[in-house]
Amino acid sequence: MGVVAVSAARDPSASAQLSVLQVGRVFPAPRGRGTIEALQPIDLAVERNDFITILGPSGCGKSTLLRIIAGLDTPTTGRVLLEGRPITGPGPDRGMVFQSYTLFPWLTVRENICFGLREKGMALPEQQERAAFFIDRVGLNGFEQHYPKQLSGGMQQRTALARALANDPQILLLDEPFGALDNQTRVLMQELLLGIWEADRKTVLFVTHDIDESIFMANRVIVFTARPGRIKTELAIDLPHPRHYTVKTTPRFAEYKGELTEAIRGEVLQTMARERQPPADSGG
Amino acid sequence: MTPLKPIAPIRRITLGILFFVVFVAIWAAATFGGLVSKVFLADPLTMVREGISLFVEQGFIKDIGITVWRVVGGFVLAAVLAVPLGIAMGTYRPVGAFFEPFVSFARYLPASAFIPLLILWAGIGELQKLLVIFIGSFFQLVLMVAVIVGNARTDLVEAAYTLGAKDAGIVRRVLLPGAAPDIAETLRLVLGWAWTYVIVAELIGSSSGIGHMITDSQALLNTGQIIFGIIVIGVIGLVSDFCFKAANQKLFPWALLR
Ligand SMILES: Nc1ncnc2c1ncn2[C@@H]1O[C@H](COP(=O)(O)OP(=O)(O)OP(=O)(O)O)[C@@H](O)[C@H]1O
Ligand SMILES: [Mg+2]
């Protein structure tokens, strides 16, 4: 019985597009001896066309997990399968938008969006056409020739989103992409992203520490514990699509919010308690 | 005055010129006023007169041409070899680890101290002059380019990987364009240093060039000519610096944005 249950957890249904299998990550401590366990071995199955948000306190290993899935970091234990094939490094099948601004400063908005397309060897007219489509999608018409430094933070992240989307990845990995934006802009960006998802239902894995954000866009919220990160609970979000921002004032939304607030509060308190003491988990 | 507050271009230029005016005024006051003997320091007017005679009677323009040629020749030679090596060192850590200690050591070898040795090896011809400039600029360039490329933003490299770039694409489309403005700036800086090396090379064992003219004038105690020569070097340096800056601004407009 027990064996069956464990293997079921480790081998998620064959339909899963992305399977995270017992993935854990231990970093060497920055100075001296010891280690930091950023991520305890976790399992996660992501279905096609799903929109999953990962919610957790700062430092719980959310970025670490996303970087492992992107192939930018290697797990200490476990493996990640995309369409059944193990991930060995970064690739254009997983598009990523980072929390920090990562547009190439020497390229214009359009050239940034064309970066991956050119790498693929796509013909220039086709590149331009595709770029124009996604520039329109993220509402940056008229800014094609601007350099990143001439854009606001929100516009830079929209360009980064368009750049990732233009590459047509199988899955989008978004690491707090709106984290540095002011509240008004962030809400608009959430609606924009949700609209894009509702239009073509590309699989999305979205990391955030904002509870409203995690509920508003997701079909499923995954709550992480404080470091070392582990999945604490999952919450299915059953709100109809297309979602309008007014959904945030419905009782259903408030209920979800109450539940997640409760779940995350304990974790944040734990992180703060630990930060008041010297790290207890190093030396292992 | 407020810290870091920009000023209007006209005011900037006026202030810049003002310093030259003050400088010449003090010089004139010191020489015409008899504070300094003419043997040691010519007054501005004598200097201008000597300068005109240099051009008209002594074919000074040919000396200038030769000196410019030496600087450009030695510098281009150094840059053509140093920039690719520096890029390789910055990009690939093992290459960097292999060359870096030696280059760090070699860049402290004073180029001027090599002149006697180079005269022994290469005579007092053009090759020796080029080699002095080469030694003076090559090692500096290699190290600075390697540091610039090695300090590339890793987040941009990672972003490029997630967009499907392979290693060659990372070098060509991320590391090089990102480092290009700083490399150009480094070239501008080192070209300035090359000007000091060429004069030193020409002071010793040379029969042409601005440096040679200066040694000749020293024998004749013609301080007017010496000062004129020095000023010509300064003007040429200023002009080449200006051209380099203008080219950089034209080539890398994005690097000027803040
Ligand atoms: N390269 C590294 N070397 C050592 N420790 C690291 C490294 N990267 C991450 N860590 C540690 O792993 C833990 C998890 O980091 P991670 O960046 O994944 O957190 P996060 O959940 O994304 O936090 P935030 O919400 O603040 O972005 C942190 O305690 C961090 O100090
Ligand atoms: Mg993070």
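Conventions and cut-offs
- Residues numbered from 1 in each chain as written.
- Chains lettered and ligands numbered in written order.
- Predicted model: local features only at pLDDT ≥ 70, side-chain atom pairs only at ≥ 80, totals over all residues.
- Heavy atoms only, no water.
- Helix = DSSP H or I, 4+ residues; strand = E, 2+ residues; numbered from the N terminus.
- Polar contact = N/O pair within 3.5 Å; in protein donor to acceptor, adjacent residues only side chain to side chain.
- Contact = heavy atoms within 4.5 Å.
- Phe/Tyr/Trp six-rings, centres within 6.5 Å; stacked < 30°, edge-to-face > 60°.
- Buried < 20%, exposed > 50% of the residue type's maximum accessible area, 1.4 Å probe, protein only.
- Lys NZ or Arg CZ within 6 Å of the ring centre and 35° of its normal.
- Pairing = 2+ DSSP bridges.
- Axes fitted to C-alpha atoms, helices over the stretch in contact; angles between N-to-C directions.
- Salt bridge = Lys/Arg side-chain N within 4 Å of Asp/Glu carboxyl O.
- Patch = residues over 30% accessible without salt bridge, like charges linked within 9 Å, V, L, I, M, F, W, Y side chains within 5 Å.
- Areas by Shrake-Rupley, 256 points an atom, 1.4 Å probe, with all protein chains shown as cover.
- Expected span 1.5 Å × (residues − 1).
- Right-handed = clockwise from strand over helix to strand, strands pointing away.

### Description of the side chain of D43 of chain B
Residue and element names in this part refer to chain B.
Reasoning step 1: Here D43 shows up in the loop between helix 1 (9–32) and helix 2 (44–57).
Reasoning step 2: In this structure the side chain of D43 is engaged in a polar contact, spanning 3.1 Å, whose partner is the backbone nitrogen of L45.
Reasoning step 3: One polar contact links D43 to T46, side chain to side chain, over a distance of 2.8 Å.
Reasoning step 4: Here D43 is in contact with W27, T31, F32 and K38, once residues within four sequence places are set aside.

### With respect to the packing of aromatic side chains
Reasoning step 1: As enumerated under the stated definition, the model contains 15 aromatic pairs over all chains in all.
Reasoning step 2: Taking 6.3 Å as the distance between ring centres and 55° as the angle between the ring planes, the aromatic pair formed by F60 of chain B and F228 of chain B counts as tilted. On the criterion of sequence distance, the pair formed by F60 of chain B in helix 3 (residues 60–91) and F228 of chain B in helix 10 (residues 223–251) is long-range, its members being 168 residues apart.
Reasoning step 3: What makes F60 of chain B buried here is its relative accessible area of 0%.
Reasoning step 4: Overall, F228 of chain B belongs to the buried group, its relative accessible area being 14%.
Reasoning step 5: An aromatic cluster of at least three residues, connected via ring pairs, comprises F102, F105, F134, F138 and F139 of chain B.
Reasoning step 6: Between K248 of chain A and the ring centre of F216 of chain A, over which it is positioned, the NZ or CZ distance is 4.8 Å.

### A few points about the sheet that holds strand 3 (residues 51–55) of chain A
All names here are of chain A.
Reasoning step 1: In spatial order, the strands read 6-7-8-3-9-10; together these six strands make up an open sheet with mixed pairing. The open sheet terminates on both sides in strands that have one partner only, identified here as strand 6 (94–97) and strand 10 (231–236). Shown here is a sheet whose adjacent strand axes are inclined to one another by a mean of 15°, direction ignored.
Reasoning step 2: As defined by bridge partners, strand 3 adjoins strand 9 (residues 220–224) across four bridges and the pair is classed as parallel. The partner of T53 across the bridge, within strand 9, is V221.

### A closer look at the pattern of salt bridges
Residues and elements named next belong to chain A.
Reasoning step 1: Under the definition given, this model contains 17 salt bridges over all chains.
Reasoning step 2: Here R220 ties to D50 by a salt bridge, and the two come within 3.7 Å at their closest N and O atoms. Taken together, the positions of R220 in strand 9 and D50 in the loop between strand 2 (35–46) and strand 3 put the pair 170 residues apart, joining distant regions of the chain.
Reasoning step 3: Relative accessible area serves as the criterion here: at 16%, R220 is assigned to the buried category.
Reasoning step 4: Take D50: its relative accessible area is 11%, and that puts it in the buried class.
Reasoning step 5: For the salt bridge of D93 with R94, the shortest nitrogen-to-oxygen distance reads 3.1 Å.
Reasoning step 6: When its relative accessible area of 3% is taken as the criterion, R94 is described as buried.

### Structural notes on a nonpolar patch on the surface
Residue and element names in this part refer to chain B.
Reasoning step 1: On the surface, a cluster of nonpolar side chains totalling about 720 Å² of accessible area is made up of I7, I13, L15, I17, L18, V21, V22 and I26.
Reasoning step 2: Structurally, the position occupied by V21 is in helix 1.
Reasoning step 3: Classification of V21 by relative accessible area gives partly exposed; the value is 49%.

### As for helix 10 of chain B
An α-helical turn contains 3.6 residues, so a residue and the one three or four places further along point in the same direction.
All names here are of chain B.
Reasoning step 1: The first and last C-alpha atoms of helix 10 sit 42 Å apart over 29 residues, in line with the 42 Å expected at 1.5 Å per residue.
Reasoning step 2: For helix 10, the full list of buried residues reads T223, G224, Q225, I226, I227, F228, G229, V232, I233, I236 and N248.
Reasoning step 3: Looking at the buried residues of helix 10, the elements they touch are helix 1, helix 2, helix 3, helix 8 (167–203) and helix 9 (210–219).

### Focus: the pairing of strand 8 (residues 203–208) of chain A
Two faces make up the sheet, and in a regular strand the side chains alternate between them.
All names here are of chain A.
Reasoning step 1: When you tally the buried positions in strand 8, you get six out of six residues, the bulk of the element.
Reasoning step 2: The alternating pattern of strand 8 places T203, L205 and V207 on one face and V204, F206 and T208 on the opposite face, and all of these are buried.
Reasoning step 3: Here strand 7 (residues 171–175) runs beside strand 8; their pairing, made up of five bridges, is parallel. Residue pairing in the sheet places L173 in a bridge with L205 of strand 8.
Reasoning step 4: For the handedness criterion, the β-α-β arrangement of strand 7, helix 6 (residues 183–200) and strand 8 is classed as right-handed.

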